[in-house]
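Summary of structural features
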Amino acid sequence: MYNLAILGGGPAGYTAAEKAAAAGWSVVLFEKESMGGTCLNVGCIPTKTLLYSAKQYVNAKNAAKYGVSAENVSFDYQKIQLRKQKVVRKLVAGIKQRMQGVELVMAQASVESRTDEKVVLRAGENLYEAENLLIC
């Protein structure tokens, strides 16, 4: 039985898991998609990498007014996408690295039963018991 089960591997979930494990708790964290949550995987971070690429393109196109010559400025959409994916992968890997002492279960979990003493969670065919549940 775990001291803490956490549903969700976004910023709240992975931070709580890291702190609980560092405090000596046994922790299981369930994430159905990818560690880091929406912001890291499909929202803020991917958007910012794409915007940065667009900014570099516009700066190069307008460089002449600053005395810089940049001819035949173009962009490679495939390379931009690959860079975005690399940035996201690197950040997700960094989060996973911080999960020392945390059991990561990459599956959707649901509450099977609950009493005052424990909560039972199901992820696929497996059952997990924990004293505490944190929904993130």
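Data block above holds the structure.
Residues numbered from 1 in each chain as written. Predicted model: local features only at pLDDT ≥ 70, side-chain atom pairs only at ≥ 80, totals over all residues. Heavy atoms only, no water.

Section: the overall build of the protein
- Across its full length, the protein holds four helices and six strands.
- For the protein, the N- to C-terminal ordering of α and β elements is β-α-β-α-α-α-β-β-β-β.
- Since a compact globule built from 136 residues should have a radius of gyration of about 14 Å, the 21 Å found for the protein marks it as more spread out than a globular shape.
- If one aligns the C-alpha atoms of the protein with their principal axes, the spans along those axes are about 70 × 30 × 20 Å.
- For the protein, the residues scored as buried account for 32% of the 136 residues in total.
- Put simply, of all contacts in the protein between residues at least 6 apart along the chain, 57% involve residues at least 24 apart.
- Of the roughly 8900 Å² of accessible surface on the protein, 52% is carried by carbon and sulfur atoms. (Helix = DSSP H or I, 4+ residues; strand = E, 2+ residues; numbered from the N terminus. Rg over C-alpha atoms; globule rule 2.2 N^0.38 Å. Buried < 20%, exposed > 50% of the residue type's maximum accessible area, 1.4 Å probe, protein only. Contact = heavy atoms within 4.5 Å. Areas by Shrake-Rupley, 256 points an atom, 1.4 Å probe, with all protein chains shown as cover.)

Some thoughts on the environment of Phe30
- Within the fold, Phe30 resides in strand β2 (residues 27–30).
- Along the primary structure Phe30 and Val58 are separated by 28 residues, whereas in three dimensions their C-alpha atoms are 42 Å apart.
- If sequence neighbours within four positions are ignored, Phe30 has contacts with Ala5, Ile6, Leu7, Gly8, Gly9, Val105, Ala107, Ala109, Leu121, Ala123 and Tyr128.

Quick notes on the packing of helix α3 (residues 44–61) against helix α4 (residues 77–97)
- Between α3 and α4, the shortest axis-to-axis distance is 9 Å and the interhelical angle comes to 140°. Between α3 and α4, the interaxial angle falls into the category oblique. Judged by the sense of rotation from one axis to the other, the crossing of α3 with α4 is right-handed. Facing α3, whose interface residues are Ile45, Pro46, Thr49, Leu50, Tyr52 and Ser53, α4 presents Ile80, Gln81, Arg83, Lys84, Val87, Val88 and Leu91. (Axes fitted to C-alpha atoms, helices over the stretch in contact; angles between N-to-C directions. Parallel < 35°, antiparallel > 145°, perpendicular 65-115°, else oblique. Left-handed = near helix turned anticlockwise from the far one by under 90°.)

Regarding the layout of surface pockets
- By volume, the largest pocket is sized at about 330 Å³.
- Lining of the largest pocket is provided by 18 residues; of these, Gly8, Gly9, Glu31, Lys32 and Glu33 occupy positions nearest its centre.
- When its residues are assigned to classes, the lining of the largest pocket shows seven nonpolar, eight polar and three charged. (1 Å grid on protein atoms, 1.4 Å probe; cavity = no way out; pocket = protein on both sides within 12 Å on 5 of 7 lines; lining within 4 Å. Points joined across faces, edges and corners; volume = space filled by probe spheres on them. Nonpolar A, V, L, I, M, F, W, Y, C, P; charged D, E, K, R; others polar.)

Quick notes on the environment of Ser53
- Structurally, the position occupied by Ser53 is in helix α3.
- What makes Ser53 buried here is its relative accessible area of 14%.
- Separated by 24 residues in sequence, Ser53 and Tyr77 have C-alpha atoms that sit 9.6 Å apart.
- Setting aside chain neighbours within four positions, we find Ser53 in contact with Ile80 and Arg83.

Some words on the side chain of Thr49
- When you line up the elements, Thr49 lands in helix α3.
- When its relative accessible area of 7% is taken as the criterion, Thr49 is described as buried.

Just distances and angles here, no functional claims.
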